[in-house]
Amino acid sequence: GVQAYTNVNIRPRKFGVRPVVTREMLEDSKFALLQLNLRQAGRQLGYNESSLILTALDGAGNTVTGGATLTVANLVSGIYNVRNASYTPDTLLIGDEAFSDLMNLDTFTEADKYGSNEMQMKGFVGTIFGLKVVRFDAATAPTAAYDQRAYVFDSRHAFDIAEKRPVSVQNWDDFVSDRSGVTVTQRVAVGLIRANSVSLITTT
């Protein structure tokens, strides 16, 4: 048969920051304060975009409820749920606390269990069960509880990012108050596309 389609409306929102530095500070400081603030502004917009992605993925079509720590069985259940919905899971997006649980799993480190030395050498496992492992920073998470979460998903079907304005920078001077600044803005939104291509794993 012919594949059926539905409409998804993803409406971009405007996000921005406006670092301001007085002229005296620009003259007296030994550091390039405006440039440092600009770098921090870009980082914050990056954190915001990651937070939007996590919020979208919370609409996962299925959830695996783990215990105090993330287990191999939890990962396998997440993979199964996505495959059972006729998608191909290829990404594991994981918070810091859940990733520390992975570091404690001897499955990925001990040679007699067909592990490797990747965790010891790099402090990270790049691929688990065919999934590309991507860690998200705690600063990007909407709440601290996200540190305990992991998402297994098919990156080709899970979500879309609608960007109407990429990160843009405009310099400006306020001659009345004798200040200078930059305005950093972005218009972006993230929308979940196919919920069943995502499996959320939660731990406590």
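Everything in this summary refers to the structure shown in the same document. (Residues numbered from 1 in each chain as written. Predicted model: local features only at pLDDT ≥ 70, side-chain atom pairs only at ≥ 80, totals over all residues. Heavy atoms only, no water.)

## Some points on unusual backbone geometry
What is expected of a backbone is that most residues other than glycine have negative phi and most peptide bonds are trans.
Moving on, step 1. The phi dihedral of Ser86 falls on the positive side, at around 70°, and the residue is not glycine.
Moving on, step 2. Residue placement: Ser86 occurs in the loop between helix H3 (72-84) and strand E4 (91-94).
Moving on, step 3. The exposed category is assigned to Ser86, whose relative accessible area is 66%.
Moving on, step 4. One non-glycine residue, Phe129, adopts positive backbone phi at about 55°.
Moving on, step 5. Within the secondary structure, Phe129 sits in the loop between strand E5 (127-128) and strand E6 (131-135). (Helix = DSSP H or I, 4+ residues; strand = E, 2+ residues; numbered from the N terminus. Buried < 20%, exposed > 50% of the residue type's maximum accessible area, 1.4 Å probe, protein only.)

## Regarding the pairing of strand E9 (residues 179-192)
Moving on, step 1. For E9, the buried fraction is high: 10 of the 14 residues fall into the buried class.
Moving on, step 2. Where strand E1 (residues 13-17) lies against E9, five bridges are found, and the strand directions are antiparallel. Counted as the bridge partner of Gly16 is Thr185 from E9.
Moving on, step 3. By the bridge criterion, three bridges tie strand E2 (residues 20-22) to E9 in an arrangement that is antiparallel. When the bridges of E9 are listed, Val21 appears paired with Ser180.
Moving on, step 4. Of the strand pairs in this sheet, strand E8 (residues 159-174) and E9 are connected by 13 bridges, and their pairing is antiparallel. If you follow Asp173 over to E9, its bridge partner there is Ser180.
Moving on, step 5. Turn length for the E8-E9 hairpin, with the two strands adjacent in sequence and antiparallel, is four residues, and the turn residue Asp178 shows positive phi of about 60°. (Pairing = 2+ DSSP bridges.)

## Things to note about the pattern of salt bridges
Moving on, step 1. Enumeration over the complete set of coordinates arrives at six salt bridges.
Moving on, step 2. A salt bridge links Asp96 to Arg135; the shortest N-O distance between them is 2.7 Å. Note that Asp96 is positioned in helix H4 (residues 96-103) and Arg135 in strand E6, a separation of 39 residues in sequence.
Moving on, step 3. The residue Asp154 makes a salt bridge to Arg156 at a minimum N-O spacing of 3.2 Å.
Moving on, step 4. With relative accessibility at 56%, the residue Arg156 sits in the exposed group.
Moving on, step 5. Sharing partners across several salt bridges, the network here consists of Arg23, Glu27 and Asp178. (Salt bridge = Lys/Arg side-chain N within 4 Å of Asp/Glu carboxyl O.)

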